[in-house]
Amino acid sequence: MSISGRALFLLSSSALCFTALGSGVALAGGSTSGDGIETVLVTAEKRVEDVQKMSSAVTALSGDDLLQRQITSVSDLQRVVPGLVEGDTLGGVQKAETIRGIGTANAMPGGDPGVAVSVDGHYMQDSGFVVRDLLDVSRVEVLRGPQGTLYGRNATGGAINVITNRPTQDFDGYVTAGVGSFGDRNVTGLLNGGLTDDLAGRVAVAWDKSDGYLRNISPIAPQKRLLNTDSINARATLEYDPSQNFRATLSAYGYQNTGNIYAYRLLGDLVAIGGVNFSHLPASYINPTNDHPYEVRQDTPTASYDRARGASLDLDWTVGGLQLRSLSAYNNSSTKLGIDLDATDATPPVTWGENFRYNTFSQEFQALFSGVNYNAILGVYGYWEDSVFTRQFRSPSAIYGIDYAYAYDPAPTLKSQSYAAFGSVDYNVTDKLTLTAGARLSYDRKSMVRGFEIISQDLGGVISSTVSDDHANWSKFTGRVALRYELTPEANTYASFSTGYKPGGFNAISSNDPAYRPETVKAYEVGFKSQWFDDHLRLNVAAFYNDYKDKQEFVLQLSAPNANSETAIKNAAAATTKGVEFEYVWKATDDLRFDGTASYLYATYGSYNSADTSRPSLGIIDLAGNMLPGAPVWTTDFGAQYDVGLLGGGASVRMDYTWKSSYFSNAFNRSNGPNDFGLTDYVPSQGYLSATVTWVDASSLWEVQLFGRNLTDNAALTYAAPSYAGGTSVNYAAPRTFGVKVTRNF
């Protein structure tokens, strides 16, 4: 049975089973407010809890926080969450989150992320659309550190939970229209209300179109603007509440972006670099990106397409003190990309493209129960995935002497199944001391068919072909134990030990490579959470040490002196990450608030040996002691918000500043040193300043928001790595932008 057929069967089976049982419980969440700092309620550990009472490091942001700080995507969260950095993989094409220095090296089918992204409790293997656009969100929860018990696989770095707004019986909605820099125009609409006494619905739609901020200055440019947006995002939810004991929630979403989500840029004197690609350039050729980060000269179209759609069904039922849940979700997504790989308009064109397609279904059953001194959860989980990856490369005969191309045929196709059983209990040893213990047993199975062809029409077509059909399976027991002690009603401290696991996988781009093994981690954490001065000051601190084994990393093995073979993922490394994170909120007056974070992270390899595709003459390089990619030593952010009466209504003025120290985007830690041959992965320190002014009229029917992002117009380098042809492939943060949004509520 196909995944889509299995999804339909299990969705309907879950609905029938739980409907037959009777009635369930409503799951609360969000925040309540008083005179002091609001109490934030989260479901990060699958039950409603005060984030200040949890024995783990969690950052929670409400929908209002996201709006005031102009956080419109998961990518923006790195500005306000300590230890979170959005990294780049696959040459900067794919985005991947890292927490405390841990993310993923393999973002294509066959691999798995190191930070699990979930929407309403449903795991998203391909989270690209969530990363780019948050729509109708109630809150976002970021769990820092391994989550091997309740989340299991693919959460060795942490987890990000996006919680959308639920339908209510009250009829309301809004329409928002906005304009901004680089021709940005956007419209968002929402409609919510009761359809019957026990059925409510909610629909949100967002459209966004911009001209792009990257200019292609070539006189023969097929596109004058790149990194543009042309997207539509929609979500519809129905909630059925026939009684206080049963609730069914059906949700569906769709997302599509036909703009350019990626553009290839090179730094370097390409004429001086020369080689087979750049030797054709005239001596007068100037690479504009060297002096102008937002300019390129390219003669081949950049094409991209990003689409995602899916549905979920959640059922909640309560009998006595037992709460049962069923969470079912189906997701289908695809990404297509084609770029100008020579990145010029004066050499024979070299083109490159990738296609991803994911088809997944997940099913989770939970049982929650409690007694006088404990709260507990038991659950089982199943996950099924069919995914396909293809890559194309073509170079004319003027480059290599013959017409040359490669393709993956048959396309690397992954079939993956994952099953788990888990449980966790919070036991009150005394009225001040709480013990948390949990465990999870995971089983993963993957199979992949891979084919690779080298093609030359000058030599008659296919000149080389390999095909492999492999499968592997793994199992792992992970767990967590923690102690939390309440020093006072406003302050508590905790200590925890946990283990995490990311399953093995296959290299989609290496047809002869066997499966690599799972990655594991042992994590130690202590923390202190407190509120002072009648809940007007919140201070939280966490210190951690993580020990990773069999870390999955890209490795190049030399097949002959000064010759290199294909790069592949291997269990090549051991690594440790350690650091301290600090968060605070200070409500100085009823109208003035300050908040911020600071973190120190030292993330290094304990062992790692690999050759470098860009420096094969150096042979195998010992990378022990090198910094992990995407792991700045210092990060900090500061925010201030002031509320004031204005024009018969109320206004909020907010400023946020984020700073990161320098880091590397590759494990080789190249920084243009004596043995780096002019190559670099070094990303300099960077700051980011943003501000918003939001005005709401006295009736709360009209809202106007003015915003500015990257107000210092810092062309911050976010990714740097040697390119296949020479020079450095780079990405930059978006330039300074301004905008205004007008909202009519009803």
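**Details of the overall build of the chain**
Item 1. Of regular secondary structure, the chain possesses six helices and 43 strands.
Item 2. The globule rule puts the C-alpha radius of gyration for 746 residues at 27 Å, and the 26 Å found for the chain is close to it.
Item 3. On the principal axes, the C-alpha backbone points of the chain span a range of 75 × 60 × 50 Å.
Item 4. Residues counted as buried form 56% of the 746 residues belonging to the chain.

**Some remarks on the nonpolar core**
Item 1. Within the largest apolar cluster, 32 residues are counted, with the highest numbers of intra-cluster contacts made by Y264, I339, L341 and W352.
Item 2. Elements with a minimum of two residues in this core: β21 (322-340), β22 (351-370), β23 (374-395), β26 (433-456) and β27 (461-488).
Item 3. The contact partners of L341, leaving out residues within four places of it in the chain, are Y264, V350, T351, W352, F393 and Y724.
Item 4. In this structure, V80, V115, L134 and V140 belong to the second largest nonpolar core, which totals 24 residues.

**Here we look at the sheet that holds strand β18 (residues 266-267)**
Item 1. Read across the sheet, three strands follow the order β18-β42-β41 without closing on themselves; strand pairing throughout is antiparallel. Each having just a single partner strand, β18 and β41 (717-722) make up the two edges of the open sheet.
Item 2. Bridging between β18 and strand β42 (residues 728-732) involves two bridges; their strand directions are antiparallel. Opposite L267, over in β42, you have T728 as the bridge partner.

**Remarks on a negative patch on the surface**
Item 1. A surface patch of like charges, here negative, comprises D35, E490, D534, D590 and D591.
Item 2. Along the polypeptide, D35 turns up in the loop between β1 (30-32) and β2 (39-42).

**Side note on empty space enclosed by the protein**
Item 1. Summed over the entire model, instances satisfying the criterion amount to eleven cavities of 30 Å³ or more.
Item 2. Considered as a void within the structure, the second largest cavity measures approximately 280 Å³ in volume.
Item 3. Contributing elements (two or more residues each) for the lining of the second largest cavity: β25 (413-428), β26, β28 (491-502), β29 (519-532) and β30 (537-555).
Item 4. The residue inventory of the lining of the second largest cavity, partitioned by class, reads eight nonpolar, eleven polar and seven charged.

**Some thoughts on a nonpolar patch on the surface**
Item 1. Together, F171, V175, V187, L191, V203, V205, W207, I232 and F746 give the surface a local cluster of nonpolar side chains, amounting to about 780 Å² of exposed area.
Item 2. Put simply, the parts of the chain that give the nonpolar patch at least two residues each are β12 (184-196) and β13 (199-210).
Item 3. For the nonpolar patch, the element with the most residues is β13, which contributes three residues.
Item 4. Tracing the chain through its elements places W207 in strand β13.

**Remarks on the sheet that holds strand β8 (residues 122-123)**
Item 1. Strand order in this open sheet of five strands is β4-β9-β10-β7-β8, and the pairing throughout is mixed. Both edges of this open sheet fall to β4 (58-62) and β8, since each of them pairs with a single strand only.

**Here's the deal with the confidence of the model for the chain**
Item 1. Taken residue by residue, the chain gives an average pLDDT of 87. The fraction at 70 or more is 92%.
Item 2. Long-range and interchain partners of residues 558-565, a stretch whose pLDDT sits below 50, account for twelve contacts in this model, where long-range means more than four residues apart.

**So, the pairing of β42**
Item 1. β42 sits mainly inside the fold: five of its five residues count as buried.
Item 2. On β42, burial covers both faces: T728, V730 and Y732 on one face and S729 and N731 on the other are all buried.
Item 3. Taken together, β41 and the strand that follows it, β42, pair antiparallel across an intervening segment of five residues, in which G726 is found at a positive phi of about 115 degrees.

**Looking at the environment of I163**
Item 1. Residue placement: I163 occurs in strand β10 (residues 158-164).
Item 2. Of the residues examined, I163 reaches a relative accessible area of 13% and is grouped as buried.
Item 3. In this structure the C-alpha to C-alpha distance between I163 and S729, which are 566 residues apart in sequence, comes to 35 Å.

**Observations concerning the pattern of salt bridges**
Item 1. Enumeration according to the criterion identifies 33 salt bridges in this entry.
Item 2. Between R450 and D470 there is a salt bridge whose closest N-O contact spans 2.7 Å. In this pair, R450 is assigned in strand β26 and D470 in strand β27, connecting sequence segments 20 residues apart.
Item 3. Residue D470 is classed as partly exposed on the basis of its relative accessible area of 25%.
Item 4. A salt bridge links R593 to D595, with the nearest nitrogen and oxygen atoms 3.3 Å apart.
Item 5. Overlapping salt bridges bring together E38, R69, R593, D595, R654 and D656 as one network.

**What to know about unusual backbone geometry**
Item 1. Positioned with a positive phi, D136 is a non-glycine residue whose angle comes to about 50 degrees.
Item 2. Within the secondary structure, D136 is located in the loop between α3 (128-132) and β9 (137-144).
Item 3. Unlike most non-glycine residues, N672 shows phi in positive territory, near 65 degrees.

**Comments concerning the pairing of strand β31 (residues 568-587)**
Item 1. Relative to strand β32 (residues 592-607), β31 runs antiparallel, the two sharing 14 bridges. Looking at β32, one finds that E581 is bridged to S599.
Item 2. What sits between β31 and β32 in their antiparallel hairpin is a turn of four residues.

Conventions and cut-offs
Residues numbered from 1 in each chain as written. Predicted model: local features only at pLDDT ≥ 70, side-chain atom pairs only at ≥ 80, totals over all residues. Heavy atoms only, no water. Helix = DSSP H or I, 4+ residues; strand = E, 2+ residues; numbered from the N terminus. Rg over C-alpha atoms; globule rule 2.2 N^0.38 Å. Buried < 20%, exposed > 50% of the residue type's maximum accessible area, 1.4 Å probe, protein only. Core = buried A, V, L, I, M, F, W, Y, C linked by side-chain atoms within 4.5 Å. Contact = heavy atoms within 4.5 Å. Pairing = 2+ DSSP bridges. Patch = residues over 30% accessible without salt bridge, like charges linked within 9 Å, V, L, I, M, F, W, Y side chains within 5 Å. Areas by Shrake-Rupley, 256 points an atom, 1.4 Å probe, with all protein chains shown as cover. Salt bridge = Lys/Arg side-chain N within 4 Å of Asp/Glu carboxyl O. Lys, Arg positive; Asp, Glu negative; His and termini not counted. Charge placed at Lys NZ, Arg CZ, Asp CG, Glu CD. 1 Å grid on protein atoms, 1.4 Å probe; cavity = no way out; pocket = protein on both sides within 12 Å on 5 of 7 lines; lining within 4 Å. Points joined across faces, edges and corners; volume = space filled by probe spheres on them. Nonpolar A, V, L, I, M, F, W, Y, C, P; charged D, E, K, R; others polar. pLDDT = per-residue confidence, 0-100.

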